[in-house]
Amino acid sequence: MITDCFDDKTEPVISLRDFYGEQKHLIETCLILFSQKIYQHLLDAFPSEKIGLIGACNGNIPIYRMNYKGKDIAFYLSGIGSAIAASECYEASWIVGASKFVMFGSCGSLNREATRGKFIVPTESYRGEGCSYYFAAPSDYITVENARKLSAIFTELGVPHVTGRVWTTDAMIRETAGLVAQRRSEGCIAVEMELAGVQAVCSFYGLSLYNFLEAGDVLEESGYDVANLRGANHDLGKLYIALETALRI
């Protein structure tokens, strides 16, 4: 079973050294993007230099470096889903040396009243995916380690936000009414697809993750409201919040 997959007693058979050589140390801070429009905006708005390449047989993922208010910051367009995003995060750390990651994207709200007009800073994530169980001992939830620090940064910046549990799922189209009700009863205010795995990988390898979300669609036992999803996916406002956050971590 998936809960038997955490093995911290023996060494992995595969190392990133086999693919990329020795780890490089080019930059400290990196943005993890999920929106093609936000990614293109960065490339258009800031002079950017390609400093690395995450290799894949279905297409390589470039890692760029730009400068924001005097600080060099890397960024790349991540794949969607816990296992892919977690793997690419660690690969990016190996390829360019980043140890601090700001990850931001959209999510589904499980509590319309709590999340309306506010960004979400997750404090814990329900491990409804598979990747995290290879990097952390089994448990229902994984702690998002820098939630308190990020909330303090948002308060300093005057960014309206709410903190709380979220649910990471690998199966968006199997978010059933019963599962939505169960996660809501445990205090989850949103559902997304990457956080548990990425946090587990970052914790395992000693990397720092700062994650925030913007609610778009709303999932309730009574139905599904998709009206605001596109806007949340590509909101440029959260990019500049992420850049300001990168200056402060």
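To start, this report covers the structure provided alongside it. Worth saying up front: this structure is predicted, and the values here are computed from it rather than measured. (Residues numbered from 1 in each chain as written. Predicted model: local features only at pLDDT ≥ 70, side-chain atom pairs only at ≥ 80, totals over all residues. Heavy atoms only, no water.)

Across all of its chains, the model carries 10 salt bridges by this definition. The partner of R248 in a salt bridge is E156, with the nearest N and O atoms 3.0 Å apart. Separated by 92 residues along the polypeptide, R248 in helix α9 (residues 236-248) and E156 in helix α5 (residues 147-157) bring together distant segments of the chain. Given the relative accessible area of 56%, E156 is considered exposed. Put simply, K69, E156, E244 and R248 are held in one network by salt bridges that share partners. (Salt bridge = Lys/Arg side-chain N within 4 Å of Asp/Glu carboxyl O. Helix = DSSP H or I, 4+ residues; strand = E, 2+ residues; numbered from the N terminus. Buried < 20%, exposed > 50% of the residue type's maximum accessible area, 1.4 Å probe, protein only.)

Moving on, we get to a nonpolar patch on the surface. On the surface, a cluster of nonpolar side chains totalling about 400 Å² of accessible area is made up of V13, I14 and F19. Tracing the sequence through the fold places I14 in the segment before α1 (17-20). (Patch = residues over 30% accessible without salt bridge, like charges linked within 9 Å, V, L, I, M, F, W, Y side chains within 5 Å. Areas by Shrake-Rupley, 256 points an atom, 1.4 Å probe, with all protein chains shown as cover.)

Turning our eyes to something else, we now look at the nonpolar core. Judged by nonpolar contacts, the single largest core of 37 residues is most densely connected at I54, I63, Y76, F101, I120 and V198. With eight residues, helix α3 (residues 82-96) is the single largest residue contributor to this core. (Core = buried A, V, L, I, M, F, W, Y, C linked by side-chain atoms within 4.5 Å.)

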